[in-house]
Amino acid sequence: MSYIVNLAIQILPLQLSKEDSYACIDAAIAKVEASGLKYMVCPFETVIEGEYDKVMTLSNDMQQACYSSGAKELLVNMKLHRSVEKDMAIDDKVDKYK
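What you see is a predicted model, and the numbers here were worked out from it, not measured in a lab.

Our next topic: the overall build of the protein. Helix and strand counts for the protein stand at three helices and four strands. Along the protein, from the amino end to the carboxyl end, the secondary structure elements read β-α-β-β-α-β-α. Relative to its length of 98 residues, the protein is compact, with a C-alpha radius of gyration of 14 Å against a globular reference of 13 Å. Overall, the C-alpha framework of the protein stretches about 40 × 30 × 20 Å when taken along its three principal axes. Considering the protein as a whole, with its 98 residues, one finds that 32% of them fall into the buried category. Taking contacts inside the protein between residues at least 6 apart in sequence as the whole, the part at least 24 apart equals 72%. Taken together, the 11 basic and 15 acidic charged side chains of the protein have centroids lying 3 Å from each other.

Okay, structure coming up:
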């Protein structure tokens, strides 16, 4: 059985102006929005919740969106929370702070 995972992903386009970097990041976030997966955009990263394979495919799609937006090189930081016993939920981590 596959459980729900959380992926925190930060994509940093290298060697682009600030404006072009933000355009790449916006393109990546548009992929997240279109995915149908639960997500939370934060100041330094985006957290995505879903099945492992879908989340990892989305990670690749986000990077490709950056390349399509003009990036030639990316620094991608990812943190994955995964269990073989239970689902991981964004709300379990942040609800008490809302």
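Once that is clear, we can look at the sheet that holds strand 2 (residues 38-41). What the four strands build is an open sheet, ordered 2-3-1-4; its pairing is antiparallel. Edge positions in the open sheet fall to strand 2 and strand 4 (74-81), since each of these has one partner strand only. The sheet shows a mean angle of 20 degrees between the axes of neighbouring strands, direction not considered. Here eight bridges tie strand 1 (residues 4-13) to strand 4, and the two strands are oriented antiparallel to one another. Bridge pairing links Q10 to N77 in strand 4. Sheet contacts for helix 1 (residues 18-35): strand 1, strand 2 and strand 3 (46-51); angle to strand 1, the most-contacted strand, approximately 160 degrees.

Let's shift gears to the nonpolar core. Among soluble globular proteins, nonpolar side chains are generally buried collectively. With 15 residues, the main nonpolar core has I9, I11, I48, V55, L58, M62 and C66 as its most contacted residues. For this core, the secondary structure elements donating two or more residues are strand 1, helix 1 and helix 2 (52-68). Not counting the four nearest positions on each side in its chain, I48 is found in contact with V5, N6, L7, I9, V32, L37, K38, Y39, V55, L58, M62 and I90.

What follows deals with the pairing of strand 1. The buried fraction of strand 1 amounts to eight of the 10 residues, a majority that puts the element mostly inside the structure. Here six bridges tie strand 1 to strand 3, and the two strands are oriented antiparallel to one another. Paired with N6 across the strands is E49, a residue of strand 3.

About the cut-offs
- Residues numbered from 1 in each chain as written.
- Predicted model: local features only at pLDDT ≥ 70, side-chain atom pairs only at ≥ 80, totals over all residues.
- Heavy atoms only, no water.
- Helix = DSSP H or I, 4+ residues; strand = E, 2+ residues; numbered from the N terminus.
- Rg over C-alpha atoms; globule rule 2.2 N^0.38 Å.
- Buried < 20%, exposed > 50% of the residue type's maximum accessible area, 1.4 Å probe, protein only.
- Contact = heavy atoms within 4.5 Å.
- Lys, Arg positive; Asp, Glu negative; His and termini not counted.
- Charge placed at Lys NZ, Arg CZ, Asp CG, Glu CD.
- Pairing = 2+ DSSP bridges.
- Axes fitted to C-alpha atoms, helices over the stretch in contact; angles between N-to-C directions.
- Core = buried A, V, L, I, M, F, W, Y, C linked by side-chain atoms within 4.5 Å.

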